[in-house]
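So the chains spell out like this:
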Amino acid sequence: MDMRREPIVIETVRYRIEGTLTLPREGYRSRLSDFVNQRDRDFFAISDATVTVLDSTDAPWQVGFVMVARSQIVLVRPAEGPAGDGGSE
C-alpha cells in the first residue's frame, strides 16, 4: 500500500503532541478525519514527535515514536506551517 506522512497536532487533557502520522496516500481512509474515526483503532502511532505538557513550564521533549490512546484525544488536526500543508482536511 502506498503511504504518506501527515504532520499533525494531537491534544489530550494534559499533552500537546506534534508529529507525523502515516496514512494511505489515496483511497479508503486517506483523509485524516476518516483515519482517526476508525472504530477498530485504539492507538495512533506518532513518529518524530514533540511532546509538550500543557499545564507546565517545562521544555517540550522530542521522541522518535509515541503511541497515543484514542480515548485520550481531545483534539486532532493537520499541522500548519513549513512541515505541513495546513489544508489537507
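Counting starts from 1 at the beginning of each chain's written sequence and moves along it residue by residue. At least 70 in pLDDT is required for a residue's local features to be given in this predicted model, at least 80 for side-chain atom pairs to be given and counted, and no such filter applies to totals for whole chains, interfaces and linings, which use all residues. Excluded from the side-chain calculation are hydrogens and water; included are all heavy atoms of the structure.

Considerations on the pattern of salt bridges
Line of reasoning, step 1. The term salt bridge refers to a side-chain nitrogen of Lys or Arg lying within 4 Å of a carboxyl oxygen of Asp or Glu. Evaluation of the coordinates by the stated rule reveals five salt bridges.
Line of reasoning, step 2. With a closest N to O distance of 2.9 Å, glutamate 11 and arginine 16 form a salt bridge.

With respect to the confidence of the model for the protein
Line of reasoning, step 1. Summing up the model confidence of the protein, the mean pLDDT is 86 and the portion of residues at 70 or higher is 89%.
Line of reasoning, step 2. Every residue carries a pLDDT, the predictor's confidence in it, which falls somewhere between 0 and 100. In this analysis, two residues are considered to be in contact whenever any of their non-hydrogen atoms come within 4.5 Å of each other. Low pLDDT (under 50) marks residues 83–89, which in the prediction has 12 contacts with non-local residues, meaning those over four places away or in another chain.

Focus on a nonpolar patch on the surface
Line of reasoning, step 1. Nonpolar side chains collect at one region of the surface, where Val13, Val74 and Leu75 lie side by side and expose about 300 Å² of accessible area between them.
Line of reasoning, step 2. Numbering of helices and strands starts at the N terminus; helices are DSSP runs of H or I of at least 4 residues and strands are runs of E of at least 2. Mapped onto the elements of the fold, valine 13 is located in the loop between β1 (3–11) and β2 (15–24). Exposure above 30% relative accessible area and no salt bridge define the residues that can form patches, which grow by joining like charges within 9 Å and nonpolar side chains of Val, Leu, Ile, Met, Phe, Trp and Tyr within 5 Å. To be clear on the numbers: accessible area is Shrake-Rupley with a 1.4 Å probe, and residue cover counts the displayed protein chains and nothing else.

Quick look at the nonpolar core
Line of reasoning, step 1. Residues enter a nonpolar core if they are buried and are Ala, Val, Leu, Ile, Met, Phe, Trp, Tyr or Cys, with the set joined through side-chain atoms within 4.5 Å. Relative accessible area decides the class of each residue, using a 1.4 Å probe on protein chains only: under 20% of the type maximum gives buried, over 50% gives exposed, and in between gives partly exposed. In this structure, Ile8, Ile10, Ile17, Leu21, Phe44 and Ile46 are the most contacted members of the largest nonpolar core, which totals 13 residues.
Line of reasoning, step 2. Looking at this core, the elements with two or more residues in it are β1, β2, α1 (32–36) and β3 (43–53).
Line of reasoning, step 3. Per-element tally for this core: the top contributor is β3, with four residues.
Line of reasoning, step 4. Filtering out sequence-adjacent residues up to four positions away, phenylalanine 44 remains in contact with Leu21, Phe35, Val36, Val66, Met67, Val68, Arg70 and Ile73.

Quick look at unusual backbone geometry
Line of reasoning, step 1. Its identity as a non-glycine residue notwithstanding, aspartate 48 has a phi of 50°, on the positive side.
Line of reasoning, step 2. Structurally, aspartate 48 can be placed in strand β3.

Some thoughts on the sheet that holds β2
Line of reasoning, step 1. For two strands to pair, DSSP has to find at least two bridges joining them. Within the open sheet, the five strands sit side by side as β4-β3-β2-β1-β5. Their pairing is antiparallel. With one partner strand each, in any of the chains shown, β4 (61–69) and β5 (75–78) form the two edges of the open sheet. If you compare each strand with its neighbour and ignore which way they point, the axes differ by 35° on average.
Line of reasoning, step 2. In this structure, β1 lies alongside β2, joined through nine bridges in antiparallel fashion. In the sheet register, isoleucine 10 faces β2, and the bridge partner there is isoleucine 17. The axes used here are C-alpha line fits, helices contributing only the stretch in contact, and every angle between their N-to-C directions lies in the interval 0 to 180 degrees.

Focus: the pairing of β2
Line of reasoning, step 1. Where β1 folds back on β2, the antiparallel hairpin that results is connected by three residues.
Line of reasoning, step 2. Sheet topology note: the β2/β3 ladder contains five bridges and is antiparallel. Across the sheet, residue tyrosine 15 finds its bridge partner in β3, namely valine 53.

Description of the side chain of threonine 50
Line of reasoning, step 1. With respect to the element layout, threonine 50 can be found in strand β3.
Line of reasoning, step 2. Pairs of N or O atoms are called polar contacts if they sit within 3.5 Å, as long as, within protein, a hydrogen donor faces a hydrogen acceptor (for residues adjacent in sequence, only side-chain-to-side-chain pairs). Within the local environment of threonine 50, its side chain forms a polar contact with the side chain of glutamine 62, the two groups lying 2.8 Å apart.
Line of reasoning, step 3. Sequence-distant contacts of threonine 50, that is, excluding residues within four places in its chain, are made with Arg16, Ile17, Glu18, Pro60, Trp61 and Gln62.

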